[in-house]
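Inside the fold
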2 protein chains.
Amino acid sequence: MELELGLKGGGFLLADVTPEQVYIPEELNEDHLQLKKMTRNFVEKEIGPKIEALEEQEDGLIRGFMAQAGELGLLGLEIPEDLGGMSMDKFSTVVVGEEVPRGSSFAVAFAAHTGIGTLPIVYFGTPEQKAKYLPGLASGEKIAAYCLTEPGSGSDALGAKSTAVLNAEGTHYILNGTKQFITNAGFADIFLVYAKVDGKLTNFIVERTMPGVSFGPEEKKMGIKGSSTRQVILEDVAVPVENVVGELGRGHVVAFNILNVGRFKLAAAAIGSAQLALEVTLKYAGERKQFGVPLSSFGAIQTKFAEIATQTYLAESVVYRTAGLMEEACKDLDVTGDCRKEAGKAIEEYAIECSLNKVLASEVLDLAVDEGVQIHGGYGFIAEYPIERMYRDSRINRLFEGTNEINRLLVPGTLLKRAMSGELPLLAAAKNVSKDLMSAGLGSEEEGLAALLDMTQKAKKLCLMAAGIAAQNLGMELKDNQYVLLGMAEMILQVYAMESGVLRALKVQDMDVTDDHKLFVEKAATLGAYSAMNIIEQHAKEVICAAEQGDSLSTVLAGMRKLLRRPNVDMIGLRQEIAKLVVEKGKYPIR
Amino acid sequence: MELELGLKGGGFLLADVTPEQVYIPEELNEDHLQLKKMTRNFVEKEIGPKIEALEEQEDGLIRGFMAQAGELGLLGLEIPEDLGGMSMDKFSTVVVGEEVPRGSSFAVAFAAHTGIGTLPIVYFGTPEQKAKYLPGLASGEKIAAYCLTEPGSGSDALGAKSTAVLNAEGTHYILNGTKQFITNAGFADIFLVYAKVDGKLTNFIVERTMPGVSFGPEEKKMGIKGSSTRQVILEDVAVPVENVVGELGRGHVVAFNILNVGRFKLAAAAIGSAQLALEVTLKYAGERKQFGVPLSSFGAIQTKFAEIATQTYLAESVVYRTAGLMEEACKDLDVTGDCRKEAGKAIEEYAIECSLNKVLASEVLDLAVDEGVQIHGGYGFIAEYPIERMYRDSRINRLFEGTNEINRLLVPGTLLKRAMSGELPLLAAAKNVSKDLMSAGLGSEEEGLAALLDMTQKAKKLCLMAAGIAAQNLGMELKDNQYVLLGMAEMILQVYAMESGVLRALKVQDMDVTDDHKLFVEKAATLGAYSAMNIIEQHAKEVICAAEQGDSLSTVLAGMRKLLRRPNVDMIGLRQEIAKLVVEKGKYPIR
Ligand SMILES: Cc1cc2nc3c(=O)[nH]c(=O)nc-3n(C[C@H](O)[C@H](O)[C@H](O)COP(=O)(O)OP(=O)(O)OC[C@H]3O[C@@H](n4cnc5c(N)ncnc54)[C@H](O)[C@@H]3O)c2cc1C
Ligand SMILES: Cc1cc2nc3c(=O)[nH]c(=O)nc-3n(C[C@H](O)[C@H](O)[C@H](O)COP(=O)(O)OP(=O)(O)OC[C@H]3O[C@@H](n4cnc5c(N)ncnc54)[C@H](O)[C@@H]3O)c2cc1C
């Protein structure tokens, strides 16, 4: 695939993005679709019947599934072919990611292994490390875990207390410390451990069999009970110097970049889970009758289905768009050799998009399972119904791979940093908006999807305007004012979501898909964009009222209202149309 | 207490309500405060240490706690004194309701017993039934359960299939059927069972020991695991004719009215739970440090505390206001004798307010526990931390005592019914709004809380306007258009909430409370009102755009905008001030 997206990370906020610049799920090729189908088949046939045993952490079960997944090539999508992998693109990881949640907790073990567990070696390992570890990780013979969190440091990853001290001989680092909440700890063979060398975070490959490695008991969790979560305790563990991953003292580069990829992948799993929750709930609502009719014939239920489908559409559009960016950033990396330097730069580029992605998808998933429970009525509270487990399982996604607060804050934080360094001409763009607002012509004669694109452009201007005012009036205080930063983050999140939905809908109109497909994307893009505008409006007002006063406040608010002007639309009517398609198809209607 | 509220049920929407017409928690008397303290003391001392055993449904544990509660008088608050009860007012049930959730699942058993289990006999029982059953229910010697739901009928309670057939001798009804999800079924002695006599719902007192009564296994639930939930199976159970509660064939009067009271009480428990979740989370956020500072010093965390406290304030204001109404409606009932007829009428009056109450409080609770988990970070997902259980436990509140959808739909449904029957001059009021809008003067020079009251009045007008348009343009279709009805319900919900918060804040300004107390209620009322206005704005627009077209749409939207005009306010600044008070006090700051 040759994408020429030509946008820097965060750059969408300053540009008029065209449909050609976004990748959409409708562009998946035959190989992707085959892979998706094969993954679903494997998960439903092999894991589906064993979900209860999985929940009980039946001995050896997950490892068995992993080995099967390894045989199918699913563990090696991003591992070079000559090291036992498949050398596939990012879209492949997305389609697989969407399907594994049908195996409930298996998805968590899978993600920890193939994502944050394996990728540090793929992207930051030495050729020797790759040769030694990747074939086993690809086949599932070896399982990996990622050990960053400590009891005292979660969000504050750099606050880790674990230490690594070079021994007198210079052959080994001696590691000490406790790692908290480590996924796969119960059975993993290889641990990507972060510890400090002279106060600076460094990443090490630690093997289970090394003396001094021990484990806490299994955590009793709200959900994803089938996954293993334990402390990893390191007491004078001697790790060979050649096991340092990435550069000495620059473990944060590995840690944070791998989390970027992790966030990107988490989002894929989240939209897959949301689709599954929708499907399960649609089935229930079609079968259960009250007042003599199926639940799905009630407007109160239909409106929920319409919302879930619409938000899933937005999140899915965002995930594939972000996949396009990540693919573009990573496709020229030669991961067979040493690519540490380039990998860091490549993955970092779209950090903002990865964070937006993660937040959006995990929150859409929460909507889907929460309304899923609600639509099940009292039965949603009963363990016999899968939605009950899905509700509990889903809750973790807003917490790990960086909490959603941390990911939200990263967005304006990174943008401001790039603005300061001159990488992104944010302030100039903000000034331009003021000028635009002075000149009269903001009206638009567009209709349909083109009008939505126009709305998106204005919403971007509003983001820039609000950010400009906040930067100007709060000055250095801004970077510590999380209230305002979160308002900005929310606006940017909504802009990214609505734009992704609209661009996809535009692109789809020219493609060879069914009429229903075209109808759905158009309606969902419209409803989604208008919903986003409502949120943007609130946060714009909040940020502006917090950062501006007196007469200038009135002027600015008048400008804001100009940018918010949009044609009237019947949102209830849109929901009715969307619900009709969703209920008819009995599933998320376009996949 | 002598309240002269003088408002019919739903009437708040048509009137200028004054602070004198609402009851507020600051007016609780010494007896209430003593009762509240005593209840907390009992629950924390006796039940607190046993919560884990309770979760395991340790044999006899709940019954023991119930007996203790009985000794303290807590089971007989609404039972007449000469039948072993305390003859207390509705405010007493609220303060007790607020405290019992500190005993986790005990609260559910307690509510089912004292509320929907006992009250059918209190309000609809014959003097003989009262004499026979109430003393035991007051002491805790006998435990009650309420059996309405069936496998095939939940929301559709009238669709029940259980039957009761008079025997040839005319002495007994023979009951057959299966009741689903019955709280306390595992150990209750007395079951208030609904079954149909000649197709008409009738309520019966069934005793555990009657031949033919059996039980399903315990349901495996997401939360409130300490409470017992089972099927109650009736096979040819012979129930004496004198065990009919209320009127033969009019069991729906008992069922629905008792649910009204149940909803009112559920809300009290929900706001108590929300305060507890806030408290637990504040404690955690004060102790846990990241980046060298306590979590509670991060704006991202503070803003959550501000929102929870504000929403809790609104819900609490609504609960006490509704308690005032219920007290007014019920205080002249002589429950020592036969009061069936009057009780039905009295309780029914404020059905709308009870539903609003239930929806609002249960959703605020969900906010509190969801953000509670989020603020705990990964630890919120771990069973060792009480917030994890609270999150699961809370989810039931949006499902039982009528799902929140059913309760929402009841609001416009009941209003329209009362409008049609001439009980509430809704349509005349809607017409007046149109006239008002024609005349210029809608501007207001008010400031502070008075301005908020003015905003509330306009919001009511907007509700009436939207309802009027919907009624006029959709005609008979309206009552089946749940999309539009839900929009109306949401507007009314927000109006009731914001008005309750504002009236309380006004009333408090003249009372002898601390400056911080006055400050908090003022800020919370303001933030709450502005948040409500945002929601009202969206739904007004949606309803109007669904019900109106073309030129008249523009006219109506212009009118809408007039009604929505409000002074600018710095919502972020408000959150900062509120958070400061909340974090300083380490708990919901005014109780
Ligand atoms: C089931 C499970 C599996 C996990 N698997 C792994 C794994 O495999 N490997 C691994 O390394 N870790 C893993 N984790 C850890 C997870 O990544 C952390 O829990 C997460 O990063 C949050 O850290 P914390 O729990 O310490 O919360 P904290 O960092 O204490 O955060 C608590 C709250 O404070 C907020 N907060 C923190 N700092 C700030 C700030 N500066 N500004 C504003 N708000 C802030 C957070 O958003 C959150 O709401 C797992 C956790 C769980 C529960
Ligand atoms: C733990 C627990 C304890 C309980 N305790 C008791 C008890 O002690 N006694 C008792 O009698 N019952 C009890 N219940 C039952 C409870 O009241 C019902 O579960 C509840 O009324 C919902 O009914 P349902 O589960 O059949 O859902 P359904 O009625 O099947 O509803 C499913 C979904 O459809 C929606 N829906 C249904 N009808 C309509 C409509 N007309 N329009 C729009 N939407 C609609 C609902 O809002 C819901 O979202 C308990 C339930 C649980 C889970």
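All residue numbers refer to position in the chain's written sequence, counted from 1. Labels are handed out in written order, letters beginning with A for the chains and numbers beginning with 1 for the ligands. With the structure being a predicted model, the display of local features is reserved for residues of pLDDT at least 70 and the display and counting of side-chain atom pairs for 80 or more, all residues being used for whole-chain, interface and lining totals. The side-chain figures draw on all heavy atoms in the structure; neither hydrogens nor water molecules are used.

A few words now on the overall build of chain A. Secondary structure follows DSSP: runs of H or I at least 4 residues long count as helices, runs of E at least 2 residues long count as strands, and numbering of each begins at the N terminus. Per the secondary structure count, chain A includes 19 helices and 10 strands. The globule rule is 2.2 Å times the number of residues to the power 0.38, and the radius of gyration it is compared with is taken over C-alpha atoms. For a compact globule of 591 residues, the expected C-alpha radius of gyration is about 25 Å, and chain A comes in at 24 Å, within 12% of that figure. Only protein chains enter the accessibility calculation, which uses a 1.4 Å probe. A residue is then buried if its area is under 20% of the maximum for its type, exposed if over 50%, and partly exposed in between. Counting across all 591 residues of chain A, residues that qualify as buried make up 64%. Accessible surface area values rest on a Shrake-Rupley calculation with a 1.4 Å probe, where residue burial reflects the displayed protein chains alone. Total accessible area on chain A stands at roughly 21100 Å², and carbon and sulfur atoms take up 52% of it. Only four residue types enter the charge count, namely Lys and Arg as positive and Asp and Glu as negative; His and the chain termini do not. Think of each charge as sitting on NZ of Lys, CZ of Arg, CG of Asp or CD of Glu. Taken together, the 61 basic and 80 acidic charged side chains of chain A have centroids lying 3 Å from each other.

Taken together, the neighbourhood of ligand 1 is formed by 32 residues, with Tyr146(A), Thr149(A), Ser155(A), Thr403(A) and Gln374(B) sitting nearest. Ligand 1 is flanked by residues contributed from chains A and B. In protein, a polar contact requires one atom able to donate a hydrogen and another able to accept it; more generally it is a pair of N or O atoms within 3.5 Å, and residues adjacent in sequence count only if both atoms are side-chain atoms. Here a nitrogen atom of ligand 1 and a backbone polar atom of Tyr146(A) are 2.7 Å apart. For ligand 1, whose accessible area on its own is 970 Å², the fraction buried by protein is 96%. Only strand S1 (144-147), strand S3 (172-183) and helix H13 (404-420) of chain A together with helix H9 (299-330) and helix H11 (351-375) of chain B provide two or more residues apiece to the shell around ligand 1. Residues are labelled near a given molecule or strand when at least one of their non-hydrogen atoms is within 4 Å of it.

Residue and element names in this part refer to chain A. Judged by how many residues are buried, helix H4 (residues 90-99) sits mostly within the fold: 10 of 10 residues are covered. The contact criterion used is simple: two residues touch if any of their non-hydrogen atoms lie within 4.5 Å. On its buried side, H4 packs onto helix H1 (30-47), helix H5 (106-117), helix H6 (119-124), helix H8 (251-287) and helix H9 (299-330). At the N-terminal boundary of H4, the capping side chain belongs to Asp89, with an oxygen 3.3 Å from the backbone nitrogen of Phe91.

Between chain A and chain B, which share one sequence, the superposing operator has a rotation angle of 180° and an axial displacement of 0.0 Å; the RMSD is 0.0 Å. Here the transformation between the copies is reduced to the relation of a two-fold axis. Judged by C-alpha distance, Arg392(A) is the residue of chain A that lies nearest the rotation axis, at 4.1 Å. By residue overlap, the copies meet face to face through one surface: 100% of the interface positions of chain A are interface positions in chain B. Copy-to-copy superposition: least squares on the C-alpha atoms, limited to residues that have pLDDT of at least 70 in both copies.

What follows is about the domain arrangement of chain A. Residue and element names in this part refer to chain A. The split of the chain into domains comes from an automatic or database domain assignment. According to the domain assignment, chain A contains domain 1 (11-142) and domain 2 (425-585). Computed from C-alpha coordinates alone, the two centres of domain 1 and domain 2 are separated by 34 Å. Between domain 1 and domain 2, the residue contacts involve 15 residues of the former and 20 residues of the latter. Each of two parts loses accessible area, computed with a 1.4 Å probe, when they are put together; buried area is these two losses added. Between domain 1 and domain 2, the buried area comes to about 1500 Å², and carbon and sulfur atoms account for 72% of it. By the criterion of area lost to domain 2, the three top residues of domain 1 are Phe12, Leu13 and Glu26, representing 42% of everything that side buries. Salt bridges are identified by distance alone: a Lys or Arg side-chain nitrogen within 4 Å of an Asp or Glu carboxyl oxygen. Between domain 1 and domain 2 we count two salt bridges in total. A salt bridge links Glu26 to Arg504, with the nearest nitrogen and oxygen atoms 3.0 Å apart. Applying the counting rule to domain 1 against domain 2 returns eight residue pairs in polar contact (both at pLDDT 80 or more). Under the convention adopted here, Pro, Cys and the residues Ala, Val, Leu, Ile, Met, Phe, Trp and Tyr are nonpolar, Asp, Glu, Lys and Arg are charged, and Gly plus all remaining residues are polar. Residue classes in the side of domain 1 that touches domain 2 are distributed as 10 nonpolar, one polar and four charged.

In the numbering adopted here, UniProt assigns the feature "domain: Acyl-CoA dehydrogenase/oxidase C-terminal" (unreviewed entry) to residues 249-411 of chain A. The span residues 249-411 of chain A carries 74% helix and 2% strand; its end-to-end C-alpha distance comes to 26 Å. UniProt positions are given in the numbering used here, feature names are shortened, and annotations may be inferred rather than shown by experiment.

Residues and elements named next belong to chain A. Disulfide: a pair of cysteine sulfur atoms within 2.5 Å of each other. Considering all chains together, one arrives at zero disulfides over all chains under this definition. The thiol sulfur of Cys545 is not disulfide-bonded, and the nearest other cysteine sulfur, from Cys463, lies at 16 Å. Overall, Cys545 belongs to the buried group, its relative accessible area being 7%.

Attention now moves to the site of ligand 2. Contacts to ligand 2 come from 32 residues, most closely from Arg288(A), Gln374(A), Thr149(B), Ser155(B) and Thr403(B). Bordering ligand 2 are residues originating from chains A and B. Glu405(B) places a polar side-chain atom, nitrogen or oxygen, 2.8 Å from an oxygen atom of ligand 2. In this structure, a nitrogen atom belonging to ligand 2 sits 2.9 Å away from a side-chain N or O atom of Gln482(B). Burial of ligand 2 by the protein chains amounts to 96% of its free accessible area of 980 Å². Those elements giving two or more residues to the shell around ligand 2 turn out to be H9 and helix H11 (351-375) of chain A together with strand S1 (144-147), strand S3 (172-183) and helix H13 (404-420) of chain B. For the shell around ligand 2, the class distribution of residues is 18 nonpolar, 11 polar and three charged.

Okay, the packing of helix H17 (residues 515-547) of chain B against helix H18 (residues 550-564) of chain B next. Residues and elements named next belong to chain B. Axis geometry follows a simple rule: fit a line to the C-alpha atoms, using only the stretch in contact for helices, then measure angles between N-to-C directions, giving values from 0 to 180 degrees. Between H17 and H18, whose axes approach to 11 Å, the crossing angle comes to 170°. It follows that H17 is roughly antiparallel to H18 by the angle criterion. The way H17 lies across H18 gives a crossing that is right-handed. Counting all contacts with H17, which are made through Met533, Glu537, Ala540, Lys541, Ile544 and Cys545, the residues of H18 involved are Leu553, Val556, Leu557, Met560, Leu563 and Leu564. Any angle between 65 and 115 degrees counts as roughly perpendicular, while under 35 counts as roughly parallel, over 145 as roughly antiparallel, and the rest as oblique. Put simply, a crossing is left-handed when the front helix is turned counterclockwise from the back one by less than a right angle, and right-handed when it is turned clockwise.

Further remarks concern the UniProt feature "domain: Acyl-CoA dehydrogenase-like C-terminal" (unreviewed entry) in chain A. The UniProt entry lists residues 458-562 of chain A under the feature "domain: Acyl-CoA dehydrogenase-like C-terminal" (unreviewed entry), expressed in the numbering used here. Between the end C-alpha atoms of residues 458-562 of chain A there is a gap of 9 Å, over a span that is 87% helix and 0% strand.

Our focus in this paragraph is the interface of chain A and chain B. Each partner contributes residues to the interface: chain A has 71 residues there, and chain B has 72 residues. Buried area between chain A and chain B, both sides added, is near 6000 Å², and the carbon and sulfur share of it is 57%. Considering only the surface of chain A that becomes buried against chain B, Met222(A), Phe381(A) and Tyr483(A) emerge as the three largest contributors, covering 16% of it. Our count for the chain A to chain B interface comes out at eight salt bridges. In this structure, the connection of chain A to chain B is made through 41 residue pairs in polar contact (both at pLDDT 80 or more). Take the side of chain A that touches chain B: its biggest share by element is eight residues, from helix H17 (residues 515-547) of chain A. Tallied by class, the residues present in the side of chain A that touches chain B amount to 28 nonpolar, 22 polar and 21 charged.

A few words on the side chain of Glu490(B). All names here are of chain B. Considering the arrangement of structural elements, one finds Glu490 in helix H16 (residues 482-509). The class for Glu490 is buried, based on a relative accessible area of 13%. Other than its neighbours up to four places away in sequence, Glu490 contacts Arg408, Ile535 and His539.

Attention shifts here to the pairing of strand S4 (residues 190-197) of chain B. Residue and element names in this part refer to chain B. For S4, the tally of buried residues reaches eight of eight residues, placing the bulk of the element in the interior. The side-chain alternation of S4 yields two buried faces, one formed by Ile190, Leu192, Tyr194 and Lys196 and the other by Phe191, Val193, Ala195 and Val197. Pairing of S1 with S4 involves four bridges; the strand directions are parallel. Note that in S4 the partner of Cys147 across the bridge is Val193. Two strands qualify as a pair provided that DSSP identifies no fewer than 2 bridges between them. Examined bridge by bridge, S4 and strand S5 (residues 200-207) share eight bridges and lie antiparallel to one another. Among the inter-strand pairings, Leu192 is bridged to a residue of S5, identified as Ile205. Between the antiparallel neighbours S4 and S5 lie two residues, among them Asp198 with a positive phi of about 50°.

Ring geometry is summarised as follows: Phe, Tyr and Trp rings, the Trp one being its six-membered ring, pair when their centres sit within 6.5 Å, and such pairs are stacked at plane angles under 30 degrees, edge-to-face over 60 and tilted between the two. Throughout the structure, instances matching the rule amount to 30 aromatic pairs over all chains. Ring centres of Phe291(A) and Phe298(A) lie 6.2 Å apart, and the angle between their planes is 90°; on these two criteria the pair is classed as edge-to-face. The exposure class assigned to Phe291(A) is partly exposed, which follows from its relative accessible area of 46%. Classification of Phe298(A) by relative accessible area gives buried; the value is 18%. Relative to Phe110(B), the ring of Phe106(B) lies with its centre 5.7 Å away and its plane at 45°, an arrangement referred to as tilted. With Phe106(B) and Phe110(B) both in helix H5 (residues 106-117), this residue pair falls four residues apart, about one helical turn. Like Phe110(B), Phe106(B) is buried.

This part covers the environment of Ile469(B). Residue and element names in this part refer to chain B. With respect to the helices and strands, Ile469 occurs in helix H15 (residues 448-474). Relative accessible area serves as the criterion here: at 10%, Ile469 is assigned to the buried category. Along the sequence, Ile469 and Glu388 sit 81 residues apart, while their C-alpha atoms lie 45 Å from each other. Contact partners of Ile469, with chain neighbours within four places excluded, come to Leu474, Ile544, Ala547, Glu548 and Val556.

Residue and element names in this part refer to chain A. Summarising the element assignment, Gln494 is placed in helix H16 (residues 482-509). Note on Gln494: relative accessible area 8%, which makes it buried. The contacts of Gln494, once residues within four sequence positions are left out, are Ala532, Ile535 and Ile536.

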